[in-house]
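Letter by letter, the chains look like this.
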Amino acid sequence: QAKSAGKNTFAFFDPAVQSALLQRHRLEVDLREAIHTHQLVPFYQGQVDANGRLVSTELLIRWQHPSRGLLLPGEFIQIAEASGLIADLGNEVMRLAARQLSLWAKNKRTRDLSISVNISARHFEKPDFVEKVAAVLAEYPLRPAALKLEITESALAANLQTICARMTALLELGVSLSLDDFGTGYSSLAYLKRLPIGQVKIDQDFVRDLLIDDNDRGITEAIIALARTLKMDVVAEGVETAAQRDLLQELGCPVFQGYFFDRPAPLADFSQRYQLI
Ligand code: C2E
Ligand code: MG
Ligand code: MG
Ligand code: MG
């Protein structure tokens, strides 16, 4: 009898597990194609100052899947990382940003904007990463500083010298660097002190309960003070209410990003929201 074959064997043929694996595999096959067939769609979210003026933007990628509809990063970035597609995907995202920046550069209203793109640690660590960034810059006419690479602390896991050399090479190309989700990973302050990073982003984890949790407030104050000491810019993420914005401003944070201002949206909606056209 098949059922008496033992629990492990039975679990291996669990139809739910098998179908999940199959789905994942299909998504990986689809993603390989999606990257080169314009199925990746850039969404933009504003970063605004205390007056609500747009100062910068973050590109948050979506995947317009032919049968599954619009997919969020949470549904495919991990698959891209695990399957080795993340470098191709990331390079394509940088190209999308660079292309947009070169278009924005022609217009008085938009020429001072920058675009932040999210770079996976797996991608950042590749030996040819700096070359790829240089290739993207060579492809489009833009101010390199307008392209901001957001990396998370997980990209700082390698040894300090390697990371420092890579970041210095990127700065020599003229691009900007930002540390995303700051405070949620394991990077030490010694790393932060030594690395040429121009901006830190306060994670939405700390912003969420800012008004009711003294610990979150304390951490947020500390990050803002640290950024000031190290002469780094600071942006708060996940700002959903006026009260959060007001308190952040009071604590010395000059730039905000979150649903209170706008939700990530396709270029047309974003442009309309901020009257860029
Ligand atoms: P992230 O870079 O920390 O981006 C912030 C996430 O919070 C985004 O989710 C954004 O839509 C969402 N968000 C913005 N404002 C608010 C708010 O007020 N409240 C709440 N609750 N959420 C807010 P999204 O777009 O689903 O992206 C999730 C993550 O996926 C990003 O986190 C980033 O780590 C990653 N990601 C996005 N685009 C790319 C990409 O092109 N490449 C790579 N490697 N990763 C990406
Ligand atoms: Mg980000
Ligand atoms: Mg973040
Ligand atoms: Mg995040």
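Residues numbered from 1 in each chain as written. Chains lettered and ligands numbered in written order. Predicted model: local features only at pLDDT ≥ 70, side-chain atom pairs only at ≥ 80, totals over all residues. Heavy atoms only, no water.

*Asks:* Looking at this model, I keep getting lost on the pairing of strand β4 (residues 115–119). Mind explaining?
*Replies:* Regular strands have side chains that alternate between both faces of the sheet. Buried residues dominate β4, accounting for 4 of its 5 residues. One ladder, built from 5 bridges, connects β4 with strand β5 (residues 147–152); its direction is parallel. By the bridge assignment for β5, I119 is matched with I151. (Buried < 20%, exposed > 50% of the residue type's maximum accessible area, 1.4 Å probe, protein only. Helix = DSSP H or I, 4+ residues; strand = E, 2+ residues; numbered from the N terminus. Pairing = 2+ DSSP bridges.)

*Asks:* Just checking my understanding: could you explain helix α11 (residues 242–250) for this structure?
*Replies:* Every α-helical turn comprises 3.6 residues, leaving residues that sit three or four positions apart pointing alike. By the burial criterion, the buried members of α11 are Q244, R245, L247 and L248. End-on view of α11: buried residues confined to an arc of 170 degrees, all on one side of the axis. As for α11, its buried residues are in contact with α9 (204–208), α10 (214–229), β8 (233–236) and β9 (255–256). Phi for G252, located one or two positions after α11, is positive at around 105 degrees. (Arc of directions from axis to C-beta. Contact = heavy atoms within 4.5 Å.)

*Asks:* Can you walk me through helix α2 (residues 15–34) in this structure?
*Replies:* The end-to-end C-alpha separation of α2 is 28 Å, in line with the 28 Å expected for 20 residues at 1.5 Å each. Looking at α2, one finds that the buried residues are L27, L31 and A34. Angularly, the buried residues of α2 cover 60 degrees about the axis, an arc narrow enough to put them on a single face. In α2, the exposed residues that point more than 90 degrees away from the buried face are P15, L21 and E33. Between the side-chain oxygen at the start of α2 and the backbone nitrogen of A16 there is a gap of 2.8 Å, and the oxygen is on D14. (Expected span 1.5 Å × (residues − 1). Polar contact = N/O pair within 3.5 Å; in protein donor to acceptor, adjacent residues only side chain to side chain.)

*Asks:* Help me understand the packing of aromatic side chains, please; the structure alone is not making it clear to me.
*Replies:* Any two aromatic rings considered together are summarised by their centre-to-centre distance and by the angle between their planes. Across all of its chains, the model carries 8 aromatic pairs by this definition. Where Y44 meets W104, the ring centres are 5.8 Å apart and the plane angle is 55 degrees; that geometry is what we call tilted. Taken as a pair, Y44 in strand β1 (residues 40–49) and W104 in helix α4 (residues 86–104) lie far apart in primary sequence, 60 residues in all. Y44 gets classed as buried once you look at its relative accessible area, which sits at 1%. Looking at W104, the relative accessible area reads 7%, which means it is buried. (Phe/Tyr/Trp six-rings, centres within 6.5 Å; stacked < 30°, edge-to-face > 60°.)

*Asks:* Would you take a moment to explain the site of ligand 1 for this structure?
*Replies:* Near ligand 1 you find 21 residues, and of these R62, N118, D180, E240 and Y259 are the closest. Measuring from a nitrogen atom of ligand 1, one finds a side-chain N or O atom of Q45 at 3.0 Å. For ligand 1, whose free accessible area comes to 800 Å², the fraction covered by protein is 81%. Here the shell around ligand 1 gets 4 residues from one element, more than from any other, and that element is strand β2 (residues 54–65). Residues that form the shell around ligand 1 fall into these classes: 8 nonpolar, 6 polar and 7 charged. (Near = heavy atom within 4 Å. Areas by Shrake-Rupley, 256 points an atom, 1.4 Å probe, with all protein chains shown as cover. Nonpolar A, V, L, I, M, F, W, Y, C, P; charged D, E, K, R; others polar.)

*Asks:* Is there a simple way to explain the pattern of salt bridges in this structure?
*Replies:* Pairing is possible between side chains of opposite charge, provided their charged atoms come close. Evaluated as defined, the whole model comprises 11 salt bridges. The residue E58 makes a salt bridge to K201 at a minimum N-O spacing of 2.7 Å. Pair noted here: E58 is in strand β2 and K201 is in strand β7 (residues 199–202), with a separation of 143 residues, a long-range link. Take K201: its relative accessible area is 0%, and that puts it in the buried class. Between K132 and D128 there is a salt bridge, and its shortest N-O distance comes to 4.0 Å. On the basis of relative accessible area, K132 is assigned to the partly exposed category, the value being 35%. Given a relative accessible area of 27%, D128 falls into the partly exposed group. By sharing partners, the salt bridges in this structure join E58, E150, K201 and E237 into a single network. (Salt bridge = Lys/Arg side-chain N within 4 Å of Asp/Glu carboxyl O.)

*Asks:* Explain the nonpolar core to me, please; I cannot follow it from the model alone.
*Replies:* Generally speaking, nonpolar side chains in soluble globular proteins are found buried as a group. Grouped together as the largest cluster of nonpolar side chains are 79 residues, with contacts concentrated most on L89, V117 and L149. It is α4 that contributes the most residues to this core, 9 residues altogether. Look past the residues within four positions of L149 in its chain and what remains in contact with it is M94, V117, I119, F129, V133, L170, V175, S176, L177 and S178. (Core = buried A, V, L, I, M, F, W, Y, C linked by side-chain atoms within 4.5 Å.)

*Asks:* For this particular structure, what's the right way to read the coordination of the magnesium ion (ligand 3)?
*Replies:* Metal coordination angles have textbook ideals: 109.5 degrees for a tetrahedral set of four donors and 90 or 180 degrees for an octahedral set of six. The protein atoms that coordinate the magnesium ion (ligand 3) are D180 (OD), D181 (OD), E237 (OE) and E237 (OE), at distances of 2.0 to 2.5 Å. Mapping the donors of the magnesium ion (ligand 3) onto the primary sequence gives the spacing D-D-x55-E. Separating the magnesium ion (ligand 3) from the magnesium ion (ligand 2) is a gap of 4.0 Å, which D180 spans by donating to each of them. Of the two residues, D181 is situated in strand β6 (residues 176–182) and E237 in the loop between β8 and α11; the sequence distance between them amounts to 56 residues. We classify D181 as partly exposed; its relative accessible area is 24%. (Donors = N, O, S within 2.8 Å, 3.2 Å for Na, K, Ca; no water.)

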